[in-house]
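# Structure at a glance
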Amino acid sequence: MEKIYTKNAPEAIGPYSQAVKVGNLVFTSGQIAIDPASGAVEATDIASQAEQVCKNLCAVLSAAGTSIENVVKTTCFLADMADFAAFNEVYGKYFTTKPARSCVAAKQLPKNVLCEVEVIAEI
């Protein structure tokens, strides 16, 4: 198992890695809308937060030697299912290969963000 780290994505806010590589698979930790340059959540609406989440995922996947095009499964967490359509609009721009997906509402997400996404990708 190889731990993945990049300064182009937010630092872990707990005792975990940004991602781990096992064989030809990469498992990312959930990414939230933290801007890696500032270390803060700057976006306030679901579309802007989803954009930052996807950018963070792209950075982690790149550091692992793969890309968003190789994602086979996503797990998405929304603070409010009323944001489902707006989230999907951004999600669809990034996940064009249409990987398998679960999307659930969570009572509360870290730093009170509106969405969090974790992925499994092939190298």
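Given the structure is predicted, the values throughout are model-derived calculations rather than measurements.

### Regarding the pattern of salt bridges
In total, this model carries two salt bridges according to the counting rule given. Among the salt bridges present, the one from Lys21 reaches Glu2, with a minimum N-O distance of 3.7 Å. In this pair, Lys21 sits in strand β2 (residues 19-22) while Glu2 sits in strand β1 (residues 2-4), placing the two residues 19 residues apart along the sequence. A relative accessible area of 19% means that Lys21 is categorised as buried. The class for Glu2 is partly exposed, based on a relative accessible area of 40%. We note a salt bridge from Glu51 to Lys93, for which the minimum N-O separation is 2.6 Å. Taken as a pair, Glu51 in helix α1 (residues 46-63) and Lys93 in helix α2 (residues 84-94) lie far apart in primary sequence, 42 residues in all.

### Some words on α2
Along an α-helix, residues three or four positions apart point the same way, because every turn accommodates 3.6 residues. For α2, the full list of buried residues reads Phe87, Val90, Tyr91 and Tyr94. Viewed end-on, α2 has its buried residues packed into an arc of 100°, placing them on one side of the element. Exposed positions of α2 whose direction lies more than 90 degrees from the buried face are Ala85, Glu89 and Lys93. Against the buried residues of α2 lie α1, β6 (71-78), β7 (100-105) and β8 (115-122).

### Things to note about α1
Helix length check: α1, at 18 residues, gives a terminal C-alpha distance of 26 Å against a target of 26 Å (1.5 Å per residue), a fit within 8%. Those residues of α1 that fall on the buried side of the exposure criterion are Ile46, Gln49, Ala50, Glu51, Gln52, Val53, Cys54, Asn56, Leu57, Ala59, Val60 and Leu61. Capping the start of α1 is the job of one residue whose side-chain oxygen sits 3.1 Å from the backbone nitrogen of Ala47: Asp45. Where α1 terminates, the next one or two residues include Gly65, which has phi positive at roughly 90°.

### Thoughts on the pairing of β6
The sheet contact formed by β6 and β8 spans seven bridges and is antiparallel. Bridging from a neighbouring strand, Thr74 pairs with Val119 of β8. Relative to β7, β6 is paired through six bridges, and the arrangement is parallel. From the neighbouring strand, Phe77 faces β7, where its bridge partner is Val104. Chirality of the crossover, the property in question, places the unit of β6, α2 and β7 among those that are right-handed.

Rules used throughout
Residues numbered from 1 in each chain as written. Predicted model: local features only at pLDDT ≥ 70, side-chain atom pairs only at ≥ 80, totals over all residues. Heavy atoms only, no water. Salt bridge = Lys/Arg side-chain N within 4 Å of Asp/Glu carboxyl O. Helix = DSSP H or I, 4+ residues; strand = E, 2+ residues; numbered from the N terminus. Buried < 20%, exposed > 50% of the residue type's maximum accessible area, 1.4 Å probe, protein only. Arc of directions from axis to C-beta. Contact = heavy atoms within 4.5 Å. Expected span 1.5 Å × (residues − 1). Polar contact = N/O pair within 3.5 Å; in protein donor to acceptor, adjacent residues only side chain to side chain. Pairing = 2+ DSSP bridges. Right-handed = clockwise from strand over helix to strand, strands pointing away.

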